[in-house]
Amino acid sequence: MDMGKVILVVLSLALILGLGESFDFHEKDLASEESLWDLYERWRSHHTVARDLSEKQKRFNVFKESVKHVHKVNKMDKPYKLKLNKFADMTNHEFRSHYAGSKVSHHRMFHSSRRETGFMHGKTDNLPPSVDWRQNGAVTGIKDQGRCGSCWAFSTVVAIEGINQIKTKELVPLSEQELVDCDTDNQGCDGGLMENAFEFIKKSGGITTERNYPYRARDETCDASKMNAPVVIIDGYENVPAKDENALMKAVANQPVSIAMDAGGSDLQFYSEGVFNGACGTDLNHGVAIVGYGTTLDGTKYWTVKNSWGPEWGEKGYVRMQRGIDAEEGLCGLAMEPSYPTKLSSDNTRKVSRKVEL
């Protein structure tokens, strides 16, 4: 390699490393308005965030408050850390409206209460000390819902991708957009319930692949031609007994499980790593999926939760939530409304009449 190419490679590596270190900020970055502006500009460059001049001052003021919050929390003796991620110049209200907008509690008011179902995993004994369905090949890569309250669709899909792989040994990325566009019992980017989505998929004869019906992060008209090419079918769904983390463990030991939680807090907005045990309520506003559980070396029990805010958020798109907290609802309400799809056979070829309501 000639000297010019060597220099180019070195400069490229320096740029990459510099971006990676941009937000390990220090006290000096908070010392003045000028240093905070420099930090904001580095943040905007790192996340390729363009802002109009008229909006820039407003966004800078929001960013300053985010910096102070992240810095303050990281100085505390907490088992988790925060970082200046892509949400750093969004107010918490904006963040909640876009990214924790499934409004599970709201939608529950307009539907009947959770129906009584069987619980096939209830007799599961001798639970393993840890489970990680990622290591077993039952979890696809992290996805990003964008500014669309479609997390309920992502939660549903994680659980179905998981049980399909467990039954067929094939991991097939499935279509959230089909649910957003075609499931009329849910409200697309305005939120929904995972149970409704499971029921929709059962009644309509299955769900197609992400490749066939790719995600658009917006409400669109149902494409019946794509919908009428189901790839994975399910037999139905079951609800995990509410407010029972032991029952939830039994379910997760057998398959990934869809859950609703309160994800609107500032600490979750900026979560970076560690076992989260921060303040949160039980206003269920976000759909995610539990794909495992375990215990840290210091004895802290946790759930492994797959999110849909992209791989840059959290632990490469995941959050570990503390397990076994006294409140029967589970941390952030995660044990209040768990559910999972049922699939009794490896057969995905069963012919079912698919009625599409347009």
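Residues numbered from 1 in each chain as written. Predicted model: local features only at pLDDT ≥ 70, side-chain atom pairs only at ≥ 80, totals over all residues. Heavy atoms only, no water.

Trainee: How should I be thinking about the pattern of salt bridges in this particular structure?
Mentor: Pairing is possible between side chains of opposite charge, provided their charged atoms come close. Scanning the model with the defined rule gives 20 salt bridges in all. Its salt-bridge partner being E65, residue K68 comes within 3.7 Å of it at the nearest N-O pair. Pair noted here: K68 and E65 are both in helix α3 (residues 53–74), with a separation of 3 residues, about one helical turn. Exposure remark for K68: the relative accessible area of 44% places this residue in the partly exposed category. The class of E65 is partly exposed, set by a relative accessible area of 48%. Of the charged contacts in the structure, one is a salt bridge between E161 and K143, with a shortest N-O distance of 3.0 Å. Of the two residues, E161 is situated in helix α6 (residues 151–168) and K143 in the loop between β2 (131–132) and α6; the sequence distance between them amounts to 18 residues. E161 sits in the buried class, given a relative accessible area of 2%. (Salt bridge = Lys/Arg side-chain N within 4 Å of Asp/Glu carboxyl O. Helix = DSSP H or I, 4+ residues; strand = E, 2+ residues; numbered from the N terminus. Buried < 20%, exposed > 50% of the residue type's maximum accessible area, 1.4 Å probe, protein only.)

Trainee: Any chance you could explain the nonpolar core here in plain terms?
Mentor: Generally speaking, soluble globular proteins have nonpolar side chains that are buried together. Ranked by internal contacts, the top residues of the largest apolar core, which has 59 residues, are L84, L248, L268, F276, W303, M321 and L334. Among residues more than four places away in sequence, those in contact with L268 are M261, D262, A263, F276, W309, W313, V319, M321 and C332. Core analysis: the next-biggest nonpolar cluster, separate from the first, contains 28 residues, C189, F200, I201 and A260 among them. (Core = buried A, V, L, I, M, F, W, Y, C linked by side-chain atoms within 4.5 Å. Contact = heavy atoms within 4.5 Å.)

Trainee: Even after reading the chapter, I still don't get the state of the cysteines, so can you show me in this structure?
Mentor: Evaluated as defined, the whole model comprises 3 disulfides. There is a disulfide in this structure between C148 and C189, and the S-S distance comes to 2.0 Å. Taking the torsion about the S-S bond as the criterion, the C148 to C189 disulfide, at about -95°, is left-handed. Of this pair, C148 sits in the loop between β2 and α6 while C189 sits in the loop between α7 (176–182) and α8 (194–204), placing them 41 residues apart in sequence. Overall, C148 belongs to the buried group, its relative accessible area being 1%. When its relative accessible area of 16% is taken as the criterion, C189 is described as buried. (Disulfide = S-S within 2.5 Å.)

Trainee: Sorry, what's going on with the pairing of strand β5 (residues 271–276) here?
Mentor: Side-chain direction in a regular strand flips from residue to residue, so the side chains alternate between the two faces of the sheet. Counting buried residues along β5, 5 of its 6 residues qualify, which places the element largely inside the surrounding structure. Examined bridge by bridge, strand β1 (residues 80–82) and β5 share 3 bridges and lie antiparallel to one another. Within β5, the position partnered with K81 by the bridge is E273. As paired strands, β5 and strand β8 (residues 318–322) are joined by 2 bridges and run parallel to one another. By the bridge assignment, F276 is partnered in β8 with M321. (Pairing = 2+ DSSP bridges.)

Trainee: Can you walk me through the confidence of the model for the chain in this structure?
Mentor: Detailed conclusions should not be drawn from predicted coordinates in areas where pLDDT is low. Chain-level pLDDT for the chain is 89 on average; 87% of the residues reach the 70-or-more range. Low pLDDT (under 50) marks residues 3–22, which in the prediction has 5 contacts with non-local residues, meaning those over four places away or in another chain. Scored below 50 in pLDDT, residues 351–358 makes 17 contacts in the model with residues more than four places away or belonging to other chains. (pLDDT = per-residue confidence, 0-100.)

Trainee: Would you mind showing me how to read the packing of aromatic side chains here?
Mentor: How two aromatic rings sit relative to each other is set out by the distance from centre to centre and by the angle between their planes. Taken as a whole, this structure holds 20 aromatic pairs when the rule is applied. Relative to W313, the ring of Y271 has its centre 5.4 Å away and its plane inclined at 45°; by these criteria the two rings are tilted. Here the residue Y271 occupies a position in strand β5, and W313 occupies one in the loop between β7 (301–306) and β8, the gap between them amounting to 42 residues. Of the two residues examined, Y271 and W313, each falls in the buried class. The ring of Y237 carries R115 above its face, with NZ or CZ at 4.7 Å from the centroid. (Phe/Tyr/Trp six-rings, centres within 6.5 Å; stacked < 30°, edge-to-face > 60°. Lys NZ or Arg CZ within 6 Å of the ring centre and 35° of its normal.)

Trainee: Would you explain the side chain of S308 in this entry?
Mentor: Note that S308 resides in the loop between β7 and β8. Classification of S308 by relative accessible area gives buried; the value is 3%. Reaching out from S308, the side chain makes a polar contact with the side chain of Q145 at a distance of 2.7 Å. With near-sequence residues (within four places) excluded, S308 lies in contact with K143, D144, Q145, C151, F154 and H286. (Polar contact = N/O pair within 3.5 Å; in protein donor to acceptor, adjacent residues only side chain to side chain.)

Trainee: I keep staring at the packing of α6 against α8 and nothing clicks. Help me out?
Mentor: Two quantities define a packed helix pair, namely the angle between the axes and the distance from one axis to the other. Running from amino to carboxyl end, α6 crosses α8 at an angle of 55°, the nearest separation of the two axes being 9 Å. Compared by their axis directions, α6 and α8 come out oblique. In this structure, α6 meets α8 at a crossing whose hand is right-handed. On α8, the residues touching W152, S155, T156, A159 and I160 of α6 are M194, A197, F198 and I201. Among the residues forming the contact of α6 with α8, the class breakdown is 7 nonpolar, 2 polar and no charged. (Axes fitted to C-alpha atoms, helices over the stretch in contact; angles between N-to-C directions. Parallel < 35°, antiparallel > 145°, perpendicular 65-115°, else oblique. Left-handed = near helix turned anticlockwise from the far one by under 90°. Nonpolar A, V, L, I, M, F, W, Y, C, P; charged D, E, K, R; others polar.)

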